Amino acid sequence: MNEFLQPLEQTLALVIQHRVLIAGVLALLWSVQVFNFLSGQRLSRLGIVPRTASGLVGITLAPVLHNGFGHLLANMIPLLVLSILLLSFGEQTFVAVSVFITLVGGLAVWLLASRGAHAGASGLIFGQFGYLLTNGLLAQTVWAITVTILVALLYGGFIGNVLPKFKRYKRVSWEGHLSGLLAGIAAAYWAIPERVLALM
């Protein structure tokens, strides 16, 4: 029982400790979208534009840019829930995995995706989803397996959104979803957090 309760207590402590940072990230997302809305969605052009020099900047900017309030609302709750679950494995793991997904997943979109500006936090969300599912299968600790089951139950339906035929919403980047998912799986399989910590 302690193997389950201790990570839960640590997660709650981390959320409380970083409540200002978490609130700040949410405020940033909303502030960017309000400015984007007032500017006629001009900021969305700063997303990942495949195979262009200017589009490389979008790799780091894409997670905070959204194509409307509906897009942001659809991403906000999964991003918050999955980020907290990822944080339960430690701050270093959260940072290492999030940066890896953003850079590697974003680069894959830049190299392989269809034309247009790809923006939104969904690539990061799918990456966190992929990491948490894979980590539970590899780590095989009580908490990691519990998180895997929880993530599968909450967001298992997401998996269809990585397919090219996914057209339920206009201007949704299935390539961003797939790239993020594969980057998250790779981060778990290659033990990216442990490799980063070994360098410190």
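Look above for the structure.
Not measured: the values here are computed from a predicted model.

Visitor: Teacher, can you tell me more about the overall build of the chain here?
Guide: A tally of helices and strands in the chain yields 9 helices and 0 strands. Listed N to C, the secondary structure of the chain is α-α-α-α-α-α-α-α-α in terms of helices and strands. In summary, the chain has a C-alpha radius of gyration of 17 Å against a globular reference of 16 Å for 200 residues, a match within 12%. For the chain, the spread of C-alpha atoms along the principal axes amounts to about 50 × 35 × 30 Å. Each of the 200 residues in the chain was classed as buried or not, and the buried ones make up 44%. For the chain, restricting intrachain contacts to residue pairs at least 6 apart in sequence, the fraction spanning at least 24 positions comes to 76%. Accessible area for the chain stands at about 10,900 Å²; split by element, carbon and sulfur atoms hold 71% of it. Separation between the mean location of the 11 positive side-chain charges and that of the 5 negative ones in the chain comes to 27 Å.

Visitor: When you look at the side chain of T148 in this model, what are you seeing that I'm missing?
Guide: Here T148 shows up in helix α7 (residues 142–155). Excluding its chain neighbours within four sequence positions, the residues that come into contact with T148 are L132, L133, G136 and L137.

Visitor: Would you explain helix α6 (residues 122–139) in this entry?
Guide: Note: α-helices contain 3.6 residues per turn, so residues at a spacing of three or four share the same orientation. For α6, which comprises 18 residues, the first-to-last C-alpha distance of 25 Å matches the rise-based estimate of 26 Å (1.5 Å per residue) to within 8%. Along α6, 14 of the 18 residues are buried, which leaves the element largely enclosed by surrounding structure. Q140 sits one or two residues past α6 and shows a positive phi near 55°.

Procedures and definitions
Residues numbered from 1 in each chain as written. Predicted model: local features only at pLDDT ≥ 70, side-chain atom pairs only at ≥ 80, totals over all residues. Heavy atoms only, no water. Helix = DSSP H or I, 4+ residues; strand = E, 2+ residues; numbered from the N terminus. Rg over C-alpha atoms; globule rule 2.2 N^0.38 Å. Buried < 20%, exposed > 50% of the residue type's maximum accessible area, 1.4 Å probe, protein only. Contact = heavy atoms within 4.5 Å. Areas by Shrake-Rupley, 256 points an atom, 1.4 Å probe, with all protein chains shown as cover. Lys, Arg positive; Asp, Glu negative; His and termini not counted. Charge placed at Lys NZ, Arg CZ, Asp CG, Glu CD. Expected span 1.5 Å × (residues − 1).

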